[in-house]
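An overview of the molecular structure
Chain by chain, the residues:
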Amino acid sequence: MIVHAILGRTARVAFVLFGVSVIVFGLLQFAPGDVATALLGPQASDSAKELLREQLGLNKPIVTQYFLWLGNTLQGDFGVSIISRNTVLGEVVPRFLNSVLLASAALVIAIILGVTVGIASAARAGGFFDRTSSASVQVFGAMPPFWLGLVLVYFFALQFRWFPATGMTKTFGGGDAWDIANHLVLPAVTAAAASAAVIVRMVRAVFLEVLGSDYILVARARGVRSWRLLMHHALPNCMPHVLNIIGLQLGYLIGGTLFTEVVFAWPGIGQLLYKAILGRDVAVVQACVLFIALSFVLINLAVDLINDFLARKMRQS
Amino acid sequence: MTAATNPAPLRPKSALSETMARLLGDKPLVRLLICLAVLVLVAVLAPVISPHDPLKAVADLSNMPIGSDGLLLGSDNQARDLLARTIYGTRISLVVAIVPTVAATTLSVAIGLLAGYAGGRVDAALMAVLDVFFAFPIVLLAIAVAGVMGPGLLTIMVSIFVVLLPYITRVARTSTMQVTQRTYVEAARSAGAPAGAILVRYVLPNMIGPVLVYATTLIGLMIVVASGLSFLGLGVQPPTADWGAMVAEGSGVLRGSPHVTFVPGAMIVLTALLFNLIGDRLRDLFDPRKGS
């Protein structure tokens, strides 16, 4: 039964991964001009282009090209960056890890903020706190992350000087955990804001529904105190929903992280993608898109599997 | 006198006029729609109401503060009138969000109708393809499309269109499937009506409501995404006034003249907020269960 469910999901994910690879491969075909020129840059010599055409099978049918590309990609060979002349993989991996750090910090902030404010709003629905938080949720939900980032930079980096405005470490003598954490605060808050807003809204709705159910009314009638009611009676029943809500947010969070990295010059995959697009570094663009989409698919798979597991456990108990 | 006592004519009201009456009877929604109308008027009448040419340096100095002489919102980093640029920016923002949404909704309804009605393998194939698109966070997909196409107004519209298509199609398909199960469709089918006629006459009018509401709820987000593409330099090119690009230009003078960044950004927030509120209200009106 469990094995069956996992196999079913895996088959779907396998097809999705195939589709993702086709789209990423296709990005190269849509790039303006000749593929070899796009990959090697305008200054490349004719002999170098001819060599690359031979290697990538550019004179062969498109299906053959796809499988050659897929073979190279699966072996970690994404080609060479025309900007840095490093291997694309060597460019992408360290930046990917920096992005994971930023996105994880943002996710933690979004969850803590979203769940606590959501529960607090639901506890006294219609009260002053609820109305204030609902209005803030609307505003932050409509706020572009790049702009929020600049507003935070203006106040907390340029005016109050609490946090640095850009980068991940100090230029000289930085790089320890404290330094990185200091640089992480503003970008993480920026990337978290929109997700936190949506989590507040959905957690509030889920809690309101649970708080209106019969067993909560019974518990309340028995005289269970309200905070105990929230934490011990309502929260466990909301957990699967809350987890699902957080899973649905990851796409927004990753999108927000991409913009945030550009604003704060955070050396992550979003900034790399941005520079690669401006510099027409097609191989790097492909690798960035592939890395981000792959991690998104795998995270979603993990969330689905955990949800299945929780749902089964709930049914058993 | 007789008019008051006469019963209303027994002609059934059309679904359209009934819907309109319901929409216009809702005061909060009407208020929001008036705000939207004002915004659209600002965009349409930009050449009339704008105090200056948005592309020319009109101020004595660049980065003049809000409330400078003759310049309500001051000037930007190239001594252009910030108010004029903000007014003209309304045009791009509205066009870039609304045109692709309308286009994507039209195509989505067509695909959703066919897949939802045909079912079986056609439907399964469609769902598999949609799954692939859902594997990309929307901002990533938008950036990737815009990145390969090269900057421009058309680029932004195409990438917003591509981003929206899978989401609206999914809703159109679900809505079609629900309508297809109703008895009147079953009746028309067993009476031997051709599939095309059934789709257009019975399924389309009944499946379209939820799709339109859903598409409306996405416009606000699309304004934010489109402004992000402009911010990255993938949208209309300078010197055209565009809020996202204006924020990017302003970020260079953030320390001394934050208003050059803050004003266009605030307009993005307000516009997206307006569309979000309209979308939420429509959803609450037509599907009270989903409201939060």
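Just so it is clear, the structure is predicted and the values come from calculations on it, not from any experiment.

Rules used in this analysis
Position numbers for residues count from 1 along each chain, tracking the sequence in the order it is written. Chain labels run from A onward and ligand labels from 1 onward, assigned in the order the entries are written. Where local features are concerned, this predicted model is filtered to residues with pLDDT of at least 70; where side-chain atom pairs are given and counted, the filter is 80 or more; whole-chain, interface and lining totals use all residues. The side-chain quantities take in all heavy atoms of the structure and omit both hydrogens and water. Helix and strand labels come from DSSP, where a helix needs a run of H or I of at least four residues and a strand needs a run of E of at least two; each type is numbered from the N terminus. Buried residues are those whose accessible area, probed at 1.4 Å on protein chains only, stays under 20% of the maximum for their type, while exposed residues exceed 50% and partly exposed ones sit between those limits. Any pair of residues with heavy atoms lying within 4.5 Å of one another is described as a contacting pair. The protein chains shown are the only cover counted for residues, whose accessible areas, like all others here, come from Shrake-Rupley with a 1.4 Å probe. Here Asp and Glu are counted as negative and Lys and Arg as positive; His is not counted, and neither are the chain ends. By convention, the charge on Lys lies at NZ, on Arg at CZ, on Asp at CG and on Glu at CD. The span one expects for a helix is its residue count, reduced by one, times 1.5 Å. As a per-residue measure, pLDDT reflects the predictor's confidence and takes values from 0 up to 100. Defined here as a combined quantity, buried area equals the accessible surface (1.4 Å probe) lost by two parts on assembly, summed across both. For salt bridges, the criterion is a side-chain nitrogen of Lys or Arg within 4 Å of an Asp or Glu carboxyl oxygen. Any pair of nitrogen or oxygen atoms within 3.5 Å is treated as a polar contact; in protein, a donor-acceptor pairing is required on top of that, and neighbouring residues in sequence qualify only through side-chain atoms on both sides. Where each domain begins and ends is defined by an automated method or by a domain database. Under the scheme applied, nonpolar residues are Ala, Val, Leu, Ile, Met, Phe, Trp, Tyr, Cys and Pro; charged residues are Asp, Glu, Lys and Arg; polar residues are all the others, including Gly. Every axis in this analysis is a line fitted to C-alpha atoms, fitted for helices over the stretch in contact. Angles between the N-to-C directions lie between 0 and 180 degrees. Note on terminology: angles under 35 degrees are roughly parallel, angles over 145 are roughly antiparallel, angles of 65 to 115 are roughly perpendicular, and the others are oblique. By the definition used in this description, the sense in which the near helix is turned from the far one sets the handedness, with an anticlockwise turn below a right angle giving left-handed and a clockwise turn giving right-handed.

Focus on the overall build of chain A
- For chain A, the count of helices and strands is twelve helices and zero strands.
- Each helix and strand of chain A, ordered N terminal to C terminal, gives the series α-α-α-α-α-α-α-α-α-α-α-α.
- Sorting the 317 residues of chain A into buried and exposed places 46% on the buried side.
- Counting only contacts in chain A whose residues sit at least 6 apart along the sequence, the fraction spanning at least 24 positions is 70%.
- Total accessible area on chain A is roughly 16,000 Å²; 68% of this is exposed by carbon and sulfur atoms.
- Of the side chains in chain A, 22 bear a positive and 15 a negative charge, and the two mean positions are spaced by 14 Å.

Remarks on helix α4 (residues 62-74) of chain A
- Its 13 residues give α4 of chain A an end-to-end C-alpha distance of 18 Å, which sits within 8% of 18 Å, the value for a rise of 1.5 Å per residue.
- The first or second residue beyond α4 of chain A is Gly76 of chain A, which carries a positive phi of 85°.

Some thoughts on the confidence of the model for chain B
All names here are of chain B.
- Residues at a pLDDT of 70 or more form 93% of chain B, whose mean pLDDT is 87.
- Predicted confidence in chain B is weakest over helix α1 (residues 2-5), with a mean pLDDT of 48, and strongest over helix α3 (residues 27-44), with 94.
- Interface confidence for the predicted complex, expressed as ipTM, amounts to 0.87; the pTM equals 0.89.

A short note on the interface of chain A and chain B
- In this assembly, 47 residues from chain A lie in contact with 44 residues from chain B.
- Three residues stand out in chain A for area buried against chain B, namely Phe146, Trp147 and Phe259 of chain A, and they jointly supply 16% of the buried area on that side.
- Run the count over chain A and chain B and you get two salt bridges.
- We note a salt bridge from Arg12 of chain A to Asp131 of chain B, for which the minimum N-O separation is 2.8 Å.
- Scanning the region where chain A abuts chain B turns up four residue pairs in polar contact (both at pLDDT 80 or more).
- Within the residue set of the side of chain A that touches chain B, elements represented by two or more residues are α1 (2-30), α6 (128-141), α7 (145-159), α8 (177-211), α10 (226-264), α11 (269-278) and α12 (282-316) of chain A.
- Residue contributions to the side of chain A that touches chain B peak at nine residues, all from α7 of chain A.

Looking at the domain arrangement of chain A
All names here are of chain A.
- In terms of domain boundaries, chain A breaks down into domain 1 (2-74) and domain 2 (95-316).
- Taking only C-alpha atoms into account, the centre of domain 1 sits 33 Å from that of domain 2.
- Summed over both partners, the interface of domain 1 with domain 2 buries about 1,400 Å², with 76% contributed by carbon and sulfur atoms.
- Contact with domain 2 buries surface across domain 1, with Arg9, Val13 and Val24 losing the most and accounting together for 33% of the total.
- Counting every contact that joins domain 1 to domain 2 gives zero salt bridges.
- Taken together, domain 1 and domain 2 are joined by one residue pair in polar contact (both at pLDDT 80 or more).
- Secondary structure elements with two or more residues in the side of domain 1 that touches domain 2: α1, α2 (35-40) and α4.
- Broken down by element, the residue count for the side of domain 1 that touches domain 2 peaks at twelve residues, all from α1.
- Taken together, the residues of the side of domain 1 that touches domain 2 sort by class into 16 nonpolar, one polar and one charged.

Digging into the packing of helix α10 (residues 195-231) of chain B against helix α11 (residues 243-251) of chain B
Residues and elements named next belong to chain B.
- Where α10 meets α11, the closest approach of the two axes is 7 Å, and the angle between their N-to-C directions is 45°. By the angle class used here, α10 and α11 are oblique. Note on packing geometry: the crossing formed by α10 with α11 is right-handed. Contact residues: α10 offers Ser227, Ser230 and Phe231, while α11 offers Gly244, Ala245, Val247 and Ala248.
- In the contact of α10 with α11, the residues fall into four nonpolar, three polar and no charged.

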